[in-house]
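An overview of the molecular structure
Each chain, written out:
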Amino acid sequence: MARGGGMPGGFDMNSLMKQAQEMQTQMLEAQEKLKDETVQASAGGGMVKVTMGGDLSLREITIDPEAIDPEEAEMLAEMVQAAVNEGLRAAQKLAESKMGGITGGLGGGLPGM
C-alpha cells in the first residue's frame, strides 16, 4: 500500500480536508471581523461622503447642505453614486487584503466558503 492515505505519490486526502476546514474557519472569522471595519469615500470635492462596512454594507451617507440645489438634483445623484461606488471599491480592497492571506492567493477562495 502506498504512503499518505493510500494514494500514489504520497497524497494525503485527510490532510487536505483538514487544511480546507481550517481555511474555511479562518475565512468565516475574517468575514465576521470585516463587519466591524469601515472605509470612507467621497465625491464632489467632499460634498458627498459615504461610510461602507467591510461587509460591503452602506453605513452612512453625508451630504453637505451646499450640494442640495433643486436645480442640480441630477448632479447630486451622480455625486452620491460616485461616492458609493468608490466606497464599494475601498471595502472590496479591504476584504481582499484580509482574506488574501487566508486563501494564499487563491482569489476568492474555494466555492461555497
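Residues numbered from 1 in each chain as written. Predicted model: local features only at pLDDT ≥ 70, side-chain atom pairs only at ≥ 80, totals over all residues. Heavy atoms only, no water.

Topic: the overall build of the chain
Stated precisely, the cut-off is as follows: Helix and strand assignments come from DSSP, with helices taken as H or I runs of at least 4 residues and strands as E runs of at least 2, each series counted from the N terminus. Relative accessibility under 20% of the residue-type maximum defines a buried residue, over 50% an exposed one, and the middle range a partly exposed one, all with a 1.4 Å probe and only protein chains included. Areas reported as accessible are Shrake-Rupley estimates using a 1.4 Å probe. Residue values count occlusion only from the protein chains shown.
When you go through the chain residue by residue, the secondary structure sums to two helices and three strands. Put simply, the chain runs from its N terminus to its C terminus through helices and strands in the order α-β-β-β-α. A total of 113 residues make up the chain; the buried ones form 24% of that total. Element-wise, carbon and sulfur atoms account for 53% of the exposed surface of the chain, whose accessible area totals about 7,800 Å².

Some points on the pattern of salt bridges
This is how the line gets drawn: A carboxyl oxygen of Asp or Glu within 4 Å of a side-chain nitrogen of Lys or Arg is what we treat as a salt bridge.
Throughout the structure, instances matching the rule amount to three salt bridges. Close ionic contact of Lys-35 with Glu-32 constitutes a salt bridge, the shortest N to O distance being 3.1 Å. Overall, Lys-35 belongs to the partly exposed group, its relative accessible area being 39%. As a salt-bridge pair, Arg-59 and Asp-55 come within 3.3 Å of each other at their nearest N and O atoms. Classification of Asp-55 by relative accessible area gives partly exposed; the value is 36%.

Quick word on the sheet that holds strand S1 (residues 38-43)
To keep things clear, this is the line we draw: Pairs of strands are assigned from DSSP output, requiring at least two bridges between the strands. Comment: axis = line fitted to C-alpha atoms, over the contacting stretch for helices; angle = value between 0 and 180 degrees taken between N-to-C directions.
Spatially, S1-S2-S3 is the arrangement adopted by the three strands of the open sheet, whose pairing is antiparallel. Looking at strand neighbours, the two that pair on one side only are S1 and strand S3 (58-63), the edges of this open sheet. When the angles between neighbouring strand axes are averaged without regard to direction, this sheet yields 15°. For strand S2 (residues 48-53) and S3, the ladder comprises five bridges, and the chain directions are antiparallel. Bridge pairing links Thr-51 to Glu-60 in S3.

Description of the side chain of Thr-51
Put simply, the test is: Any two residues whose heavy atoms approach within 4.5 Å at even a single point are treated as in contact.
Of note, Thr-51 is situated in strand S2. If we ignore the near neighbours within four places in the chain, the residues touching Thr-51 are Thr-38, Val-39, Gln-40, Ser-57, Leu-58, Arg-59 and Glu-60.

Description of the pairing of S1
Burial of the side chains of S1 is restricted to one face: Val-39, Ala-41 and Ala-43 are buried, whereas none of Thr-38, Gln-40 and Ser-42 on the reverse face is. Across six bridges, S1 lies against S2 in antiparallel orientation. Counted as the bridge partner of Ser-42 is Lys-49 from S2. Connecting S1 to the next strand, S2, in antiparallel fashion are four residues, including Gly-44 with a positive phi near 65°.

Quick look at helix H1 (residues 13-34)
Our working definition: In this analysis, the expected span of each helix is defined as 1.5 Å times one less than the number of residues it contains. What the arc describes is the spread of directions from the helix axis to the C-beta atoms. N or O atoms within 3.5 Å of each other form a polar contact, as long as, within protein, one can give a hydrogen and the other can take it, and as long as residues adjacent in sequence are counted only when both atoms are side-chain atoms.
With 22 residues, H1 should cover 32 Å at 1.5 Å per step; its first-to-last C-alpha distance of 31 Å lies within 8% of that length. Turning to H1, its buried residues are Ala-20, Met-23, Met-27, Ala-30 and Leu-34. Buried residues of H1, viewed axially, fall in a sector of 90°; they line one side. For H1, the exposed residues lying more than 90 degrees away from the buried face are Asn-14, Lys-18, Gln-21 and Lys-33. The N-cap of H1, judged by a side-chain oxygen 3.1 Å from the amide nitrogen of Asn-14 a few residues on, is Asp-12.

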